[in-house]
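# Summary of structural features
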Amino acid sequence: MRIPRHWRLQDQRYRMVGEVCDNCGEKLFPPRDICPECSKPACTPYTFNGRGEVYSYSTIYQAPEGFEEFVPYTVALVKLDEGPMITAQLTDVEAAEVRIGMPVEMVTRRMLEEGEDGLIIYGYKFRPALAATA
Amino acid sequence: MRDVSIIAIGQTKVDEHWGKSLRHLAADAILAALAEANPGRIDALYVGNMISGEVAGQEHLGALIADFVGLRGVEAVKVEAACGSGAAAVRLGYAAVAGGLCDFVIAAGVEKMTDANGGEVTAALALAADGDYETSQGLSFVSINALLMRRYMYEFGVKHEDFAGFAVNAHKNAIGNPNAMFPYPVTAQAFAKARMIADPINLLDSSPIGDGAAAVVLCPTEMARQFTEKPVRVMASAIATDSVALHDRHDPMALQAAYLSVQRAYSLAKITPGDIDLFETHDAFTIMAALELEACGFAQRGQGTRLAQAGEIGIDGRIPVSTMGGLKGRGHPVGATGVYQIVELVQQLRGEAGVNQVKDCRIGMAQNIGGSGATVVTHILERIG
């Protein structure tokens, strides 16, 4: 990915800024301009609390180019407290310990390094919710 | 609207074609089709392809292939809808003939995948998913299907071994198809022990990548008999879409675009699932076969794997599936796959499927899926010869 593509996504990657539909109140992540529920414009920013639970997960053994060094790593669909689902990696957890329904929370982590002279990409991953915040 | 029929088919073996470039593969399929029936004039060429730019270093396939097969000057474009590109090209060809814009159209699909290494191909295939919010997180295309499969197993109490029958059936049928990439039997035991790709999807849940091309020639049904004794009529052609990202669907366990697409097709063809004699599913992964059988009305929600046995989906079963090997056994040259499915239906409906012939078949259906269900193309074909 080129620099502007990463830069444009900083609010989503670092702070989980989505949108709320002014018409029907649906919370949307990722932001998408037109609410899929009522087809009205949705353009009011809404910051998600970063907590949710695992809806499904998979441990990847054959990675796409750029992610080979992380193998095996676990990705998940996380159902956020506010409703929408998000796709992300899980971190700070052994693959064998992951369960559907497991409470998780967003953390900021290194996603990818584009070579020695390239970008270091940060973004969200999810870890098992700590007791204090669960 | 004019009635449309397929008058000719062509295909290459799905394989690692080290000696052949993308254009040669496409030409092999198109020239084979024209050798079967050549109307003497072609008005348009639609080329289904997904990742030629990423993997084969070539775009602009419409003009490139038209010129290469001797059709310089003809209307020609590439059609892209991820793994659904092939059937989408057939759909556009159908629309051009049905709408009266063209009389004779070639719809082809081609993919050249072995010029790149595994990681490059894995990354290219992941372009079918949401770039900003799925693949940028490190998801492979296999892992997106794995998310579906894991949840499916959880929600419906299904075990991994329950999917084995889809792979066993596909490979059994591939043995009788000279164009199949892997014409070898697969046992349920081998399925259980195969190498993990993206848990719970293992190697034998997955279709293999390969090089291949397939083509059909379409024309108005009223002209078809001038060129062939065995025209196959297009009863229905329908495309529907869903969100590209899995996370944007309320109920990922229901392939909504497959449902919408097949309902339109049933309605156009004025038939019900019970009228279908064979069904070419998009079995890129075993979970997709199960979800499709449910979306198309052959199984109740959560019960698709109950059909994964010979008595149901075998050549002599209730609803034969992947009759020439499917994506699993024939191979999955992604942008060509949808055209292979149509070509194989035509073989069956003409009675030219050899040892894999489904007896007394009159109506066949093919469903080609782009991404994890975001584009779904359904065709229903009928023997009229």
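Only a predicted model underlies this, so the values are computations on that prediction, with no experimental measurement involved.

### Brief notes about the overall build of chain B
In terms of regular secondary structure, chain B is built from 14 helices and 11 strands. Against the compact-globule benchmark of 21 Å for 385 residues, chain B has a radius of gyration of 19 Å, which places it among compact chains. Viewed in the frame of its principal axes, chain B has a C-alpha envelope of about 55 × 45 × 40 Å. Split into buried and exposed, the 385 residues of chain B put 64% on the buried side. Within chain B, contacts between residues at least 6 apart in sequence are counted, and of these 77% link residues at least 24 apart.

### Notes on the overall build of chain A
For chain A, the helix and strand inventory stands at 2 helices and 10 strands. Ordered by position from N to C terminus, the α and β elements of chain A give α-α-β-β-β-β-β-β-β-β-β-β. Taking 2.2 N^0.38 as the reference for a compact globule, 134 residues should give roughly 14 Å; the C-alpha atoms of chain A span a radius of gyration of 16 Å, in line with that estimate. Counting only C-alpha atoms and orienting by the principal axes, one finds that chain A spans roughly 45 × 35 × 25 Å. Here the contacts in chain A between residues at least 6 apart in sequence split such that 47% fall between residues at least 24 apart.

### Side note on the environment of N356 of chain B
Residue and element names in this part refer to chain B. For N356, the location among the structural elements is in the loop between α14 (337–350) and β10 (363–370). A tally of 22 C-beta atoms within 10 Å means that N356 is categorised as buried. Spatially, the C-alpha atoms of N356 and A76 are 34 Å apart, while their sequence positions differ by 280 residues. With near-sequence residues (within four places) excluded, N356 lies in contact with N173, G176, N177, I315, T323 and M324.

### A few points about the interface of chain A and chain B
Chain A puts 27 residues into the contact, and the matching count from chain B is 29 residues. Secondary-structure elements contributing two or more residues to the side of chain A that touches chain B are β6 (51–60), β7 (73–80) and β8 (85–90) of chain A. It is β6 of chain A that provides the largest number of residues to the side of chain A that touches chain B, a total of 6 residues. Of the residues belonging to the side of chain A that touches chain B, the class tally is 19 nonpolar, 6 polar and 2 charged.

### Some thoughts on the domain arrangement of chain B
Residues and elements named next belong to chain B. Along its sequence, chain B is organised into domain 1 (4–117 + 210–232) and domain 2 (138–205 + 234–383). Relative to domain 2, the C-alpha centre of domain 1 lies at a distance of 22 Å. Contacts between the two partners involve 39 residues from domain 1 and, on the opposite side, 36 residues from domain 2. With 8 residues, the single largest contributor to the side of domain 1 that touches domain 2 is helix α4 (residues 85–98). For the side of domain 1 that touches domain 2, a count of residues per class yields 23 nonpolar, 10 polar and 6 charged.

### Observations concerning the domain arrangement of chain A
Put simply, an interface is often sized by how much accessible area is lost when its parts join up. All names here are of chain A. The assigned domain composition of chain A is domain 1 (1–47) and domain 2 (50–134). For domain 1 versus domain 2, the separation of C-alpha centres amounts to 20 Å. Contacts between the two partners involve 8 residues from domain 1, matched on the other side by 13 residues from domain 2. Put simply, the parts of the chain that give the side of domain 1 that touches domain 2 at least two residues each are α1 (3–8), α2 (10–15) and β2 (27–28).

### Concerning helix α5 (residues 118–125) of chain B
For α5 of chain B, every residue scored as buried is listed here: V121, T122, A123, A124 and L125 of chain B. Looking at the buried residues of α5 of chain B, the elements they touch are α2 (52–56) and α6 (141–156) of chain B.

### Details of the nonpolar core
Residues A108, V216 and V339 of chain B are the most contacted members of the largest nonpolar core, which totals 175 residues. Discounting residues that sit within four places of it in the chain, A108 of chain B has contacts with A26, A29, I30, L45, V47, G48, A89, A213, A214, A215 and V339 of chain B.

### Remarks on helix α7 (residues 164–174) of chain B
One turn of an α-helix holds 3.6 residues; hence residues three or four places apart share an orientation. For α7 of chain B, the buried fraction is high: 11 of the 11 residues fall into the buried class. Looking at the buried positions of α7 of chain B, the neighbouring elements they touch are α8 (188–193), α11 (286–295), α12 (310–313) and α13 (326–330) of chain B.

### Re the packing of helix α1 (residues 22–36) of chain B against helix α3 (residues 61–68) of chain B
Residue and element names in this part refer to chain B. At a closest axis distance of 9 Å, the pairing of α1 and α3 adopts a crossing angle of 60 degrees. It follows from the interaxial angle that α1 and α3 lie oblique. The handedness of the crossing between α1 and α3 is right-handed. Residues R23, A26 and A27 of α1 form the contact with α3, whose participating residues are L64, I65 and F68.

### Some words on the pairing of strand β9 (residues 103–113) of chain A
Residue and element names in this part refer to chain A. Sheet topology places β6 next to β9; 3 bridges connect them, and they run antiparallel. Across the sheet, residue E53 finds its bridge partner in β9, namely P103. In this structure, β9 lies alongside strand β10 (residues 120–128), joined through 9 bridges in antiparallel fashion. From the neighbouring strand, R110 faces β10, where its bridge partner is Y122. In textbook terms, the turn of a hairpin is the stretch between consecutive antiparallel strands, and for β9 and β10 this stretch comprises 6 residues, one of which, G115, has a positive phi near 80 degrees.

### Digging into the sheet that holds strand β4 (residues 105–111) of chain B
All names here are of chain B. The strand order across the open sheet formed by 9 strands is β3-β2-β4-β7-β1-β8-β11-β10-β9, and the pairing between neighbours is mixed. For this open sheet the edge positions go to β3 (75–79) and β9 (278–280), each flanked by a neighbour on one side alone. Across this sheet, the average inter-strand angle for adjacent strands is 25 degrees, counted without regard to direction. Where β9 lies against β10, 3 bridges are found, and the strand directions are parallel. Across the sheet, F279 pairs through a bridge with M365, a residue of β10. Across the sheet, α4 touches β1 (4–11), β2 (44–48), β3, β4, β7 (212–220), β8 (232–241), β10 and β11 (375–383), and the angle it forms with β4 is around 170 degrees.

Rules used throughout
Residues numbered from 1 in each chain as written. Chains lettered and ligands numbered in written order. Predicted model: local features only at pLDDT ≥ 70, side-chain atom pairs only at ≥ 80, totals over all residues. Helix = DSSP H or I, 4+ residues; strand = E, 2+ residues; numbered from the N terminus. Rg over C-alpha atoms; globule rule 2.2 N^0.38 Å. Buried ≥ 20, exposed ≤ 12 C-beta atoms within 10 Å, placed from the backbone. Contact = placed C-beta atoms within 7 Å. Nonpolar A, V, L, I, M, F, W, Y, C, P; charged D, E, K, R; others polar. Domains from an automatic or database assignment. Core = buried A, V, L, I, M, F, W, Y, C linked by C-beta atoms within 7 Å. Axes fitted to C-alpha atoms, helices over the stretch in contact; angles between N-to-C directions. Parallel < 35°, antiparallel > 145°, perpendicular 65-115°, else oblique. Left-handed = near helix turned anticlockwise from the far one by under 90°. Pairing = 2+ DSSP bridges.

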